[in-house]
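Take a look at the letters that make up each chain.
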Amino acid sequence: MNRMEAAQQEAAQLPRMPQRKLDNIPGDYGWPLLGATVPFLKDYHKLVTERAEKYGLVSKGSVLFQRGVTLLGPDANEFVLKDPEHAFSSRAAWNPILEKLFTDGLMLRDFADHKFHRRIMQQAFKKPALASYLDRMNQHIGTEIQDWPVGTELKFLEHIKTLLLDVGAQIFFGLEMGPESDKVNQSFIDTTEASLAVVRLKIPGLLWHRGMKGRRYLEDFVTGLIPQKRNSDTPDFFSELCKAADEEGGLTDRDVMNHMIFLLFAAHDTTTSTLCSIIYMLAKHPEWQEILVEEMKGLGKTALDYDDLGKLEKTGWVFRETLRMRPPLTTFPRRTVKEVEHQGYVLPKNTLVNISTLYTHYMEEYWSQPLRFDPERFSDDRAEHKKHFYQWVPFGGGHHKCLGLNFAELQTKTFLFHFLQRYRVSVKEGYELPTQQVPLIMPKDGLPVTIEKR
Ligand code: HEM
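Residues numbered from 1 in each chain as written. Predicted model: local features only at pLDDT ≥ 70, side-chain atom pairs only at ≥ 80, totals over all residues.

## Looking at the overall build of the chain
- Within the chain one finds 16 helices and twelve strands.
- Its C-alpha atoms give the chain a radius of gyration of 22 Å, near enough to 22 Å, the size a compact globule of 454 residues would have.
- Overall, the chain is about 60 × 55 × 45 Å in size when its C-alpha atoms are taken along their principal axes.
- Counting the 454 residues in the chain, one finds 43% classified as buried.
- In the chain, the share of contacts with a sequence separation of at least 24, taken over all contacts with a separation of at least 6, comes to 72%. (Helix = DSSP H or I, 4+ residues; strand = E, 2+ residues; numbered from the N terminus. Rg over C-alpha atoms; globule rule 2.2 N^0.38 Å. Buried ≥ 20, exposed ≤ 12 C-beta atoms within 10 Å, placed from the backbone. Contact = placed C-beta atoms within 7 Å.)

Structure, rendered in structure tokens:
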């Protein structure tokens, strides 16, 4: 075993090792065993705000049967995510949840090994690659939304999920729609849903069993396609990744397969969540629908080119403001691999550490009237987001900063470009979206909306 593998193995074992006491840290562990799991699942924002008021920006607690420390605010985000001393393992924090289903994905790697894989994967996210995905996306989105039911209530979540899965099958694998892409999509859904399974036993009928079956199907499907993708130059992530792996060397077919499956996972629910949130915000603030349509019409085009994306400035503000108010990942974890000190508190090795995008995005020290939907706060004139580099962190930051952030913006703008110029969207008078906040922000009721043709 080389040093890199030994470090990976050590990080993977950390969660199973006894955790040292956190006596010096303020906070409480709540109910025996359960801790604060119930309020965490019910209203994470309320819980984290109340705890900050009671204990400050550093506190210990217990949720989902795990004890840990929550570090709040931009300085804490910087400390954990920039991590100059390589003290925070992403692998050891994420592996207990994702290891079996999304084995060795980029977020489940650490330090030098992570850096090596990330550099290769970055090739699939460079401008020429993104521009070629955009061509396909324009055609597909433009056509599919034409059939959405007008004048009657529809569940936006279902519609956007299906659309993004179909676009994903094309952009990630180069698949045309049909039985094969349906099977891939279903296996992917089963695999993702299993990540939430509490009972992890391979008993037929259980979520976990379906998920592992889905994973095996995806493994076979992706591995079988590698020789073909190696020799083709199609505009999709898979082909780009094979190309980059060949050029750089050092990635096995198994690595490529694992990365592809993880990419699907990292991309899908996050962009679904984002588009639901944006449509909700736009339905509640219809004046912004008109502002965006005017901006889009100003381009005088029927499809977006890559260079148009930067011109959709106000659409960009709406994207950023929605991600501020409703970041898909409201909180995420790390585990210390050595003792560290933050704000005078010592965190021993093997401490679970959580940071909070949601809390940071509502701090009055950084955002004026944080409860208000105010996209212009991101304009050059106001630039509220520039007080601290780590105050707006929907995509994380530092070593593991989301690789797909430009892709997510491109996909969001492309969808809005086609959707808003075709439809007006509304919600019922007085409607407030019931929202699941963990593990990801999602509508609990499917987000019922009505669309009317312009
Ligand atoms: C608005 C949509 C998205 C949001 C809010 C989002 C958010 C995040 C966050 C917070 C992380 C860091 C997690 C951590 O540090 O533990 C992350 C990592 C990642 N995301 Fe995204 N993501 C989005 C879309 C995408 C898309 C579309 C892709 C791929 C096409 C993608 C690929 C990845 C990858 C590969 C990583 C791991 C990076 C690494 O570990 O080096 N994401 N994302």
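## Let's talk about the site of the ligand
- The full set close to the ligand counts 22 residues, and Ala 266, Thr 270, Gly 396, Cys 402 and Gly 404 are the nearest of them.
- Those elements giving two or more residues to the shell around the ligand turn out to be helix 12 (253-284) and helix 16 (405-422).
- Top element by residues in the shell around the ligand is helix 12. It accounts for six residues.
- In terms of residue class, the shell around the ligand is made up of 14 nonpolar, seven polar and one charged. (Near = placed C-beta within 6 Å. Nonpolar A, V, L, I, M, F, W, Y, C, P; charged D, E, K, R; others polar.)

## Things to note about the packing of helix 10 (residues 207-230) against helix 12
- Running from N to C, helix 10 and helix 12 cross one another at 125 degrees; their axes reach a closest spacing of 9 Å. Taken together, the axes of helix 10 and helix 12 are oblique relative to one another. Like other packed secondary-structure pairs, helix 10 and helix 12 cross with a definite hand, here right-handed. The residues of helix 12 that touch helix 10, namely those facing Leu 218, Glu 219, Val 222, Thr 223 and Ile 226, are Asp 253, Val 256, Met 257, Met 260 and Ile 261.
- Taken together, the residues of the contact of helix 10 with helix 12 sort by class into seven nonpolar, one polar and two charged. (Axes fitted to C-alpha atoms, helices over the stretch in contact; angles between N-to-C directions. Parallel < 35°, antiparallel > 145°, perpendicular 65-115°, else oblique. Left-handed = near helix turned anticlockwise from the far one by under 90°.)

## Observations concerning the packing of helix 11 (residues 237-248) against helix 12
- In the contact formed by helix 11 and helix 12, the axes pass within 11 Å of each other and the chain directions differ by 145 degrees. Viewed along their axes, helix 11 and helix 12 form a crossing whose handedness is right-handed. Facing Phe 237, Phe 238, Leu 241, Cys 242 and Ala 245 of helix 11, the residues of helix 12 in contact are Val 256, His 259, Met 260 and Leu 263.
- Tallied by class, the residues present in the contact of helix 11 with helix 12 amount to eight nonpolar, one polar and no charged.

## Regarding the sheet that holds strand 12 (residues 448-453)
- The antiparallel open sheet is built from three strands, whose spatial order is 4-12-9. Of all the strands in the sheet, the pair left with one neighbour each is strand 4 (153-155) and strand 9 (423-426). Neighbouring strand axes in the sheet, compared pairwise and without regard to direction, differ in orientation by 45 degrees on average.
- This element, helix 8 (residues 156-173), spans strand 4 and strand 12 of the sheet and lies at about 50 degrees to strand 4.
- Strands strand 9 and strand 12 of the sheet are contacted by helix 12, whose axis makes an angle of about 85 degrees with strand 9. (Pairing = 2+ DSSP bridges.)

## So, unusual backbone geometry
- Cis geometry marks the peptide bond from Val 438 to Pro 439, where omega comes out at 0 degrees.
- Even without a glycine there, the phi angle at Leu 64 is positive, about 50 degrees.
- Note on placement: Leu 64 falls in the loop between strand 1 (58-63) and strand 2 (66-71).

## So, helix 3 (residues 44-55)
- Taking 1.5 Å per residue, twelve residues should reach 16 Å; helix 3 reaches 16 Å between its end C-alpha atoms and fits that length.
- On its buried face, helix 3 sits against helix 2 (37-42), strand 1, strand 2, strand 5 (331-336), strand 8 (352-356) and helix 15 (357-360).
- Positive backbone phi, approximately 95 degrees, marks Gly 56, located one or two places after helix 3. (Expected span 1.5 Å × (residues − 1).)

## Observations concerning the environment of Arg 91
- Positionally, Arg 91 belongs in helix 5 (residues 91-98).
- Given 27 C-beta atoms within 10 Å, Arg 91 falls into the buried group.
- Taking the C-alpha atoms as reference, Arg 91 lies 15 Å from Ala 266; in sequence the two are 175 residues apart.

## As for the sheet that holds strand 8
- Taking strand neighbours across the sheet as the criterion, the five strands line up as 1-2-8-5-3 in an open arrangement whose pairing is mixed. Either end of the sheet is taken by a strand with one partner, and the two such strands are strand 1 and strand 3 (88-89).
- One ladder, built from two bridges, connects strand 3 with strand 5; its direction is antiparallel. Bridge assignment links Phe 88 to a residue of strand 5, and that residue is Thr 336.
- This element, helix 3, spans strand 1, strand 2, strand 5 and strand 8 of the sheet and lies at about 140 degrees to strand 1.
- Packing of helix 4 (residues 74-82) onto the sheet brings it into contact with strand 2, strand 3, strand 5 and strand 8, and relative to strand 8 it is tilted by some 130 degrees.

## Quick notes on the environment of Leu 416
- Along the chain, Leu 416 falls in helix 16.
- By C-beta crowding, Leu 416 is classed as buried, having 24 other C-beta atoms within 10 Å.
- Taking the C-alpha atoms as reference points, Leu 416 and Gln 289, separated by 127 residues in sequence, lie 9.6 Å from one another.

## Topic: the nonpolar core
- One finds Leu 241, Met 260, Cys 276 and Ile 279 to be the most contacted residues of the largest nonpolar core, which totals 107 residues.
- Looking at this core, the element that brings in the most residues is helix 12, giving 15 residues.
- Every residue in contact with Cys 276, bar those within four places of it in the chain, is listed here: Phe 156, Leu 157, Ile 160, Met 442, Pro 443 and Leu 447. (Core = buried A, V, L, I, M, F, W, Y, C linked by C-beta atoms within 7 Å.)

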